[in-house]
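Residue-level structure breakdown
As a plain string of letters, each chain reads:
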Amino acid sequence: MKKSKQVFIFFGPPGSGKGTQSDMLSVKLGLPAVSTGELLRNEQRLKTKLGKDAARYMKQGKLAPDKIVEALMDKRLLKRDMAKGFILDGYPRNQSQLDDLLRLLKDRYDIWLIEVRVQDKEVINRLSGRRICPKCGANFHLVYNPPKKIGICNVCGSKLTTREDDKLATVRGRLSRYKDTAEPLLIYAKKHKKLMSINGEQSIAKVQKDILAKITKLID
Ligand code: AMP
């Protein structure tokens, strides 16, 4: 029998658009979306100890230690709004985090993994144009989502910057690490027949359409 509560886990290389897709799916399905990258960047903006500890790894494009990320996620996943199902972006990212998540969900949810596929060349193209507001965290892209005023945040008027981990040398490292970290997720998803693999090299609207079509086909 199908479980009524669904969990959708997005994974894909940096710049694959999984954050955008996860937010859109959140609106469409009325389920909360949680991104560990966002949670960590928020801790940094708040200048917490956890944020400072994680920043050392993030700046180099390395994964933050499992202990930090798992603690952050365990706390978030226990919040009330998650009970009806939820969407994850960027978590889990390795076997330890996957095990931690499965332990917490205890078979109560139907788990789906959505892989957003984008080739390395396109990833590098996309990330070089990404800009972020250091004050409020709003995201922009020079080509795909330009701010109204060049270099200035639409939301709070601050000067936009490039994410430290979007610099080219760092992106290459993130890409190769992504391939290692995606492996346990792919193995789990294939074994349990829970994989939805989507071509991420299409317009945002078409990617979303493909995701919704897969969800309808596999779940409804
Ligand atoms: P993202 O916004 O998903 O690209 O994540 C940005 C950075 O945050 C990553 O490069 C990691 O340094 C860190 N991060 C995000 N999610 C995780 C995770 N699940 N485990 C460890 N580090 C993470």
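Details of the structure are given in the entry above.
The structure contained in this document is the topic of the report that follows. Keep in mind the model is a prediction, meaning the values are calculated, not measured.

**Details of the overall build of the chain**
When its secondary structure is counted, the chain shows eight helices and seven strands. Its C-alpha atoms give the chain a radius of gyration of 17 Å, within 12% of the compact-globule value 17 Å for 220 residues. Principal axes of the C-alpha set define a box for the chain whose edges measure 50 × 40 × 30 Å. Counting only residues that meet the buried cut, the chain has 48% of its 220 residues in that class. The contacts in the chain between residues at least 6 apart in sequence include a share of 68% that link residues at least 24 apart. Carbon together with sulfur atoms contributes 55% to the accessible area of the chain, which is approximately 12100 Å² in total. Charge centroids of the chain, computed over 46 positive and 24 negative side chains, lie 4 Å from each other.

**Here we look at the site of the ligand**
Residues in contact with the ligand amount to 17 residues; listed here are only the nearest, Thr36, Lys62, Gly90, Arg93 and Gln97. At 2.8 Å from a nitrogen atom of the ligand is found a main-chain nitrogen or oxygen belonging to glycine 90. Within the side chain of arginine 174, one N or O atom sits 3.2 Å away from an oxygen atom of the ligand. Contact with the protein chains removes 96% of the 480 Å² of surface that the ligand exposes when unbound.

**Describing the packing of helix α2 (residues 36–45) against helix α3 (residues 49–58)**
At their nearest, the axes of α2 and α3 sit 7 Å apart, and the two run at 120 degrees to each other. Judged by the angle between their axes, α2 and α3 are oblique. Here the hand of the crossing between α2 and α3 comes out left-handed. Between α2 and α3, the residues in contact are Gly37, Leu40, Arg41, Glu43 and Gln44 and Leu50, Gly51, Ala54, Ala55 and Met58, respectively. Residues belonging to the contact of α2 with α3 are distributed by class as follows: five nonpolar, three polar and two charged.

**Side note on the pattern of salt bridges**
Under the defined criterion, the tally for this structure stands at 16 salt bridges. Aspartate 53 is the salt-bridge partner of lysine 49, the closest N and O atoms lying 2.8 Å from each other. Here lysine 49 pairs with aspartate 53, and both are found in helix α3, just four residues apart, close to one helical turn. Taking the relative accessible area as the measure of exposure, aspartate 53 reaches 23% and is therefore partly exposed. Of the charged contacts in the structure, one is a salt bridge between aspartate 166 and arginine 174, with a shortest N-O distance of 3.0 Å. Look at aspartate 166 and you get buried, because its relative accessible area is 4%. One continuous salt-bridge network, built from bridges that share partners, spans Arg130, Arg163, Asp165, Asp166 and Arg174.

**Quick word on the packing of aromatic side chains**
As enumerated under the stated definition, the model contains one aromatic pair in all. Across the ring face of tyrosine 109, the terminal group of lysine 5 is positioned such that the distance to the ring centre comes to 5.3 Å. In this arrangement the basic side chain of lysine 194 is found over the ring face of tryptophan 112, its NZ or CZ atom lying 4.1 Å from the centre.

**Remarks on the nonpolar core**
Residues Leu40, Leu77, Phe86, Leu88 and Leu113 are the most contacted members of the largest nonpolar core, which totals 30 residues. Of all the secondary structure elements, the ones that give two or more residues to this core are β1 (6–11), α3, α4 (66–77), β3 (85–89), α5 (95–105), β4 (110–117) and α7 (168–191). In this structure leucine 40 touches Leu50, Ala54, Met58, Ala64, Ile68, Val69 and Leu72, once residues within four positions along its chain are discounted. Ranked by size, the runner-up nonpolar core spans 14 residues in total, among them Phe10, Leu25, Leu31 and Met196.

**Considering α3**
Structurally, the α-helix is built with 3.6 residues per turn, so residues lying three or four positions apart point the same way. If you check which residues of α3 are buried, you get Gly51, Ala54, Ala55 and Met58. Taken end-on, α3 shows its buried residues confined to a sector of 115 degrees, consistent with a single buried face. Facing away from the buried surface of α3 by more than 90 degrees, the exposed residues are Lys49, Lys52 and Arg56. As for α3, its buried residues are in contact with α2 and α4.

Reading the values: rules and limits
The numbering scheme is per chain: residues are counted from 1 as the chain's sequence reads. Thresholds applied to this predicted model are a pLDDT of at least 70 for local features of residues and 80 or more for the giving and counting of side-chain atom pairs; totals over whole chains, interfaces and linings are not thresholded and use all residues. Side-chain figures throughout are based on the complete set of non-hydrogen atoms in the structure, without hydrogens or water. Runs of H or I in DSSP of at least four residues are treated as helices and runs of E of at least two as strands, each being numbered from the N terminus. Both definitions apply: the radius of gyration is a C-alpha atom measure, and the globule rule equals 2.2 Å times residues to the power 0.38. Exposure categories follow from relative accessible area, calculated using a 1.4 Å probe and restricted to protein chains: below 20% of the type maximum is buried, above 50% is exposed, and the middle band is partly exposed. Here a residue-residue contact requires only that any non-hydrogen atoms of the pair lie within 4.5 Å. Exposure was quantified through the Shrake-Rupley algorithm and a 1.4 Å probe, taking into account, for residues, occlusion by the shown protein chains and nothing else. As used throughout, the charge tally considers Lys and Arg to be positive and Asp and Glu to be negative, leaving His and the chain termini uncounted. The atom standing in for a charge is NZ when the residue is Lys, CZ when it is Arg, CG when it is Asp and CD when it is Glu. Here a residue is considered near a molecule or strand provided that any single heavy atom belonging to it is located within 4 Å of it. Each polar contact in these results corresponds to two N or O atoms within 3.5 Å; when the atoms are within protein, one needs to be able to donate a hydrogen and the other to accept it, and residues that are neighboring in sequence are counted only if both atoms are side-chain atoms. In this analysis, axes come from line fits to C-alpha atoms, helices being fitted only over the stretch in contact, and the angle between any two N-to-C directions falls in the range 0 to 180 degrees. Should an angle fall under 35 degrees it is called roughly parallel, over 145 degrees roughly antiparallel, and 65 to 115 degrees roughly perpendicular, with every other angle called oblique. Helix crossings get a hand from a simple test, with the near helix turned counterclockwise from the far one by less than a right angle marking a left-handed crossing and a clockwise turn marking a right-handed one. The residue classification treats Ala, Val, Leu, Ile, Met, Phe, Trp, Tyr, Cys and Pro as nonpolar and Asp, Glu, Lys and Arg as charged. All others, Gly included, are polar. Any carboxyl oxygen of Asp or Glu that lies within 4 Å of a side-chain nitrogen of Lys or Arg is treated as forming a salt bridge with it. Note on aromatic pairs: the rings of Phe, Tyr and Trp (six-membered ring only in Trp) are paired at centre separations within 6.5 Å, and the planes decide the class, stacked below 30 degrees, edge-to-face beyond 60, tilted for the rest. For a Lys NZ or an Arg CZ to count as sitting over a ring, it must be within 6 Å of the ring centre and within 35 degrees of the ring normal. The set of buried Ala, Val, Leu, Ile, Met, Phe, Trp, Tyr and Cys residues whose side-chain atoms join them within 4.5 Å is what this entry labels a nonpolar core. Directions from the helix axis toward the C-beta atoms define the arc.

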